[in-house]
Amino acid sequence: MLIELSHPIVDRLPVFPGDSQTELVHSKQFQTDGYNNHQLSINMHAGTHIDGPMHMLDCRTYLNEIPLETFIGDGCLLDVSAEPIIGYKAEYEQLIQPHQIVILHTGYSRLFGQPAYFTDYPTISLEFAELIVRKNVKMLGMDMPSPDKYPFEVHNHLFQHNVLLIENLTNVAQLRDIPSFEIIALPLNIQADSSIARVIARVK
């Protein structure tokens with residue numbers, strides 16, 4: 001079984017405040033042009049996407065230069081819904097195994113498209129981020145727009161240790177009763193700091 005974890009890319013896809021808007025245009029129509037085509041203008045942080053270290057660090061490694069195996073791996077779901085600050089818990093030491101892709105279920109995807117989604121989301125503590133680094137987690141995914149707010153200490157700490165971020169996931173609640181699953185989160189083969197992505201869970 002496969003579970004879709006990414007938002008569809010549509011015209012006027014909600015973006016983080018200050019980012020350029022998404023434009024998806026049906027540029028050629030079969031009735032008038034004899035074929036269909038669509039034109040997409042999108043920034044790499046719109047909708048479901050993967051952040052690479054270049055996003056906030058002075059480095060020269062593009063996302064498509066990161067090994068492909070980074071983007072596929074065993075998943076671990078942490079239910080952190082209703083927690084305004086996602087902090088360290090001793091139980092996570094056993095729940096998170098080395099080299100997994102950790103997914104946070106906050107429940108905030110229900111607000112996607114509303115202004116509060118980009119302003120009222122919970123944040124991750126630096127102590128939790130340190131656990132993610134210590135466990136050699138490949139990627140940290142979440143159903144909210146960011147793990148932190150200005151000055152983005154969590155972003156920077158994770159990037160300095162080559163942990164990638166998957167932001168703006170959806171349907172994460174469907175993973176709550178699944179004991180074992182794999183995450184496949186493939187970015188575009190694009191020379192950029194980050195990339196929009198199709199993210200799915202494959203139930204084992």
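Everything below is about the structure shown above.
Predicted model only: the values in this text are computed from it and were never measured.

Conventions used here
Residues numbered from 1 in each chain as written. Predicted model: local features only at pLDDT ≥ 70, side-chain atom pairs only at ≥ 80, totals over all residues. Heavy atoms only, no water. Buried < 20%, exposed > 50% of the residue type's maximum accessible area, 1.4 Å probe, protein only. Helix = DSSP H or I, 4+ residues; strand = E, 2+ residues; numbered from the N terminus. Pairing = 2+ DSSP bridges. Phe/Tyr/Trp six-rings, centres within 6.5 Å; stacked < 30°, edge-to-face > 60°. Lys NZ or Arg CZ within 6 Å of the ring centre and 35° of its normal. Salt bridge = Lys/Arg side-chain N within 4 Å of Asp/Glu carboxyl O. Contact = heavy atoms within 4.5 Å.

K.L.:
I tried to follow the pairing of strand β7 (residues 101–105) on my own but got confused; where do I start?
P.N.:
Looking down a regular strand, the side chains alternate between one sheet face and the other. β7 sits mainly inside the fold: 5 of its 5 residues count as buried. The alternating pattern of β7 places Ile101, Ile103 and His105 on one face and Val102 and Leu104 on the opposite face, and all of these are buried. Relative to β7, strand β5 (residues 72–79) runs parallel, the two being bridged by 5 bridges. For Leu78, the partnering residue across the bridge sits in β7 and is Leu104. Two strands pair when backbone bridges link them, and β7 and strand β9 (residues 139–142) are joined in this way by 4 bridges, in the parallel orientation. What sits directly across from Ile103, in β9, is Gly141.

K.L.:
So what exactly am I meant to see when it comes to the packing of aromatic side chains here?
P.N.:
For any pair of aromatic rings, geometry is given as the distance between the ring centres together with the angle between the planes. Under the definition given, this model contains 5 aromatic pairs. Between the aromatic rings of Phe16 and Phe118, the centroid separation amounts to 5.7 Å while the plane-to-plane angle is 80°, which identifies the pairing as edge-to-face. Separated by 102 residues along the polypeptide, Phe16 in the loop between β1 (2–4) and β2 (23–28) and Phe118 in the loop between β7 and β8 (123–124) bring together distant segments of the chain. According to the relative accessible area criterion, Phe16 is partly exposed, its value standing at 29%. The interplanar angle of 85° and the centroid separation of 5.3 Å between the aromatic rings of Phe112 and Tyr117 together place this pair among those described as edge-to-face. Pairwise contacts between aromatic rings join Phe16, Phe112, Tyr117 and Phe118 into one cluster. Taking NZ or CZ as reference, Arg110 lies 5.5 Å from the ring centre of Tyr108, over its face. Between Lys149 and the ring centre of Tyr121, over which it is positioned, the NZ or CZ distance is 4.7 Å.

K.L.:
What am I meant to see in the pattern of salt bridges here?
P.N.:
Should the charged atoms of two oppositely charged side chains come close, the side chains can pair. Here the structure, examined in full by the defined rule, presents 6 salt bridges. Here Glu83 and Lys89 are joined by a salt bridge, their closest N and O atoms 2.9 Å apart. Between Glu182 and Arg202 there is a salt bridge, and its shortest N-O distance comes to 2.5 Å. Taken together, the positions of Glu182 in strand β11 (residues 181–187) and Arg202 in strand β12 (residues 194–203) put the pair 20 residues apart, joining distant regions of the chain. Residue Arg202 is classed as partly exposed on the basis of its relative accessible area, which comes to 39%. When salt bridges with common partners are traced through the structure, they connect Glu93, Arg134 and Lys135 into a single cluster.

K.L.:
Help me understand the environment of Thr61 in this model?
P.N.:
Mapped onto the elements, Thr61 comes out in the loop between β4 (49–51) and β5. Taking the relative accessible area as the measure of exposure, Thr61 reaches 39% and is therefore partly exposed. Sequence separation between Thr61 and Gln97 is 36 residues, and the spatial gap between their C-alpha atoms is 27 Å. Leave out the neighbours within four places in its chain, and Thr61 touches Met54 and Ile66.

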